[in-house]
Amino acid sequence: MQYKRLPFDIAPVAQRIECRPPEPKAEVRFLSGVDISPVDTSKGILYAHEFFTRYASVTNIGNLLKTDEISSLFAQDVALYSKQHSGLIAVLLPSDLTDRLSSLKAEQLRQSATVIWEKPDQKTQMFGFGKAIELKGNDESTLQEGIQEVRKTLATTQGNSEALSELKCFGGARFDPQSTRYDELWKPYGNWSFLIPELLITQRENVVKALLVLNIKNQNTLSELEKNIEHLLTNIAEPDNLPDCSSPVQNTRPVTEEWNKAIQVALNEIEKGTYKKVVLATKIKLQTEQCFNTTQVLTSLVQDYPNCYIFKLDLGEKDDYTWLGASPELLVNFFQGTVNASSLASSARRSENATEDLKLGEELLTNQKELLEHELVVQTTRETLENLCTSVTVPQHPELLKMPNIQHLHTPITGTANKNRDLLDFLQNLHPTPAVGGWPKEKALDAIRRLENFDRGWYAGPIGWVNHSGEGEFAVALRSALVGENEAILYAGAGIVKGSEPDNELNETKLKLQPLLEALSAN
């Protein structure tokens, strides 16, 4: 095990835990600033668990550190560690503190979190607060450039093995950075953005861990560190009261005439052989007299869509819009050398009548037009993975993935990655899939730029996280919305292939808009 060795005066630390070493100086071996290995003096040993037991006992953690002593002590230790280091330091909080953090209600965490990633059916919740560092690409910056920045940042973050195993970088990107259309509402998000939260609370099953990441600069003072930690934790402890958002919601729907015209142009180009598939999107606006409450929206999505990826990313200032959604589609995940991708394309409505619902699913599984659309996604995803994997497994037939109001054809694809590949390699090569762009990719993207009369922004782009080891997962940002105080903008798309009918495709987008419409209207 590698230790960071740093000489400093241990007497003040020892006094705080009522233990004085016989000599004023000792060499303390830090494993990132949290785990203090036994400090060997000539007559005594100081253990980390005693150190943090003292931290817990001197603080009113029930009110989440309104008292600033724990943050002050903690900041001092990080400052001592960082005298010879400038950059990110990851520190896993002790179990006593983490247990008290885990007592907070999920709604409370959702309200003040900067980033959220939840998969209810897997009993996984991640809440990130603040920004230890934010990476952003504007103008013509590409996702590939963003990936390089993420790799460099994760590689240079300091911490022990346990802390680094919990370190995560969250973010995503625009669907198409080369689009000529631009909406100012997307400006805070850039072409791509990634952040490492200052505090990340992760819950898997019944295990809760909390990671603190500080961005240490040589000019940092102890008082600045204390203030940053105290401010961060106080904001979680005392979030704003949930506002009453019960006013009527007005819905501005897409213009059918414009939609039909775009679909007809696409069908003509498909008939000429310009491309085989293109995914065209719509957007609608919701407006309310009072406000939209993103906490209630997210809680509603968690309850109603447990098999989706529930996400939130809040990158702007107070009055900027929040990006959130409940995506049913995994783009890619990568753990211990195994990669999983999801081909999700072709849809049908659900029915409350069990017999009719079964019939709708069977028709979807045998509809040649829908199967063609789905197979284009499967084929392209398989070919992409084969270039990065030693082996790839693809089921012969799709299955049904059922949501409360809609069902999709779904083919999960699994591969064994080549050596020295990580999640970001797969992310870079898979996005955008034919499920959200079309095929061939460049021809389809050109059609989207010509036929859509609005800026997709991050809709249908990648959203997710990657850890220090290059593992993690990204979803496709579907069933998603930009939500402001009084206005929300929702997006949905439909795949156009030979045989598509404009009315049917428009109805499909309405089905896909329903989860966010219901969640936003309900509050």
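Further up the page is the structure itself.
Description of the structure in this document. (Residues numbered from 1 in each chain as written. Predicted model: local features only at pLDDT ≥ 70, side-chain atom pairs only at ≥ 80, totals over all residues. Heavy atoms only, no water.)

Oppositely charged side chains are able to pair whenever their charged atoms sit close together. If you walk through the whole model with that rule in mind, you get 24 salt bridges. Its salt-bridge partner being Glu166, residue Lys168 comes within 3.9 Å of it at the nearest N-O pair. The exposure class of Lys168 is buried, given its relative accessible area of 2%. Salt bridges linked by common partners bring Lys277, Lys369, Glu370, Glu373 and Glu505 together as one network. (Salt bridge = Lys/Arg side-chain N within 4 Å of Asp/Glu carboxyl O. Buried < 20%, exposed > 50% of the residue type's maximum accessible area, 1.4 Å probe, protein only.)

In terms of burial, strand E22 (residues 406-417) is a largely internal element, nine of the 12 residues being buried. Where strand E20 (residues 389-393) lies against E22, four bridges are found, and the strand directions are antiparallel. Counted as the bridge partner of Ser391 is Thr416 from E22. Summarising the sheet, strand E21 (residues 399-402) and E22 pair through four bridges and their orientation is antiparallel. Directly across from Lys402, in E22, lies its bridge partner Gln407. What sits between the antiparallel neighbours E21 and E22 is a turn of three residues. (Helix = DSSP H or I, 4+ residues; strand = E, 2+ residues; numbered from the N terminus. Pairing = 2+ DSSP bridges.)

This next bit is on the nonpolar core. Core analysis: the biggest nonpolar cluster contains 85 residues, and Trp117, Val278, Leu280, Trp323, Phe426 and Ile463 have the highest contact counts within it. Element by element, the count of residues in this core is highest for helix H9 (residues 256-271), at six residues. Those residues in contact with Leu280 that sit more than four places away from it in its chain are Trp259, Ala262, Ile263, Ala266, Ile448, Leu451, Glu452, Arg456, Ala492, Gly493, Ala494 and Ile496. Membership of the second largest hydrophobic core comes to 48 residues, among which are Phe127, Phe129, Ile201 and Val208. (Core = buried A, V, L, I, M, F, W, Y, C linked by side-chain atoms within 4.5 Å. Contact = heavy atoms within 4.5 Å.)

Of note, Glu363 is situated in helix H11 (residues 354-366). Take Glu363: its relative accessible area is 38%, and that puts it in the partly exposed class. Distance in space between the C-alpha atoms of Glu363 and Ala348 is 8.8 Å, their sequence separation being 15 residues.

Attention now moves to empty space enclosed by the protein. With a probe scaled to a water molecule rolled over the atoms, the places where space remains empty come into view. A complete count under the given rule lists five cavities of 30 Å³ or more for this structure. Here the largest cavity is characterised by a volume of approximately 180 Å³. In this structure, the largest cavity is lined by 20 residues; those nearest its centre are Leu344, Ala435, Leu478, Gly493 and Lys512. For the lining of the largest cavity, the secondary-structure elements that each account for two or more residues are strand E15 (277-288), strand E19 (338-349), strand E27 (487-496) and helix H15 (502-522). Of the residues that constitute the lining of the largest cavity, the class distribution is nine nonpolar, five polar and six charged. (1 Å grid on protein atoms, 1.4 Å probe; cavity = no way out; pocket = protein on both sides within 12 Å on 5 of 7 lines; lining within 4 Å. Points joined across faces, edges and corners; volume = space filled by probe spheres on them. Nonpolar A, V, L, I, M, F, W, Y, C, P; charged D, E, K, R; others polar.)

Moving on to the packing of aromatic side chains. In total, this model carries 12 aromatic pairs according to the counting rule given. Aromatic pair Tyr189 and Trp458: ring centres 5.5 Å apart, planes at 70°, arrangement edge-to-face. With Tyr189 in the loop between strand E10 (168-173) and strand E11 (192-196) and Trp458 in the loop between helix H14 (441-451) and strand E24 (462-467), the pair connects residues that are 269 residues apart, well separated along the chain. Accessibility classification places Tyr189 together with Trp458 in one group, the buried group. Three or more aromatic residues joined by ring pairs form one cluster here, namely Trp186, Tyr189, Phe311, Trp323, Phe454, Trp458, Tyr459 and Tyr491. Its end group placed over the ring of Tyr309, Lys119 keeps NZ or CZ at 5.0 Å from the ring centre. (Phe/Tyr/Trp six-rings, centres within 6.5 Å; stacked < 30°, edge-to-face > 60°. Lys NZ or Arg CZ within 6 Å of the ring centre and 35° of its normal.)

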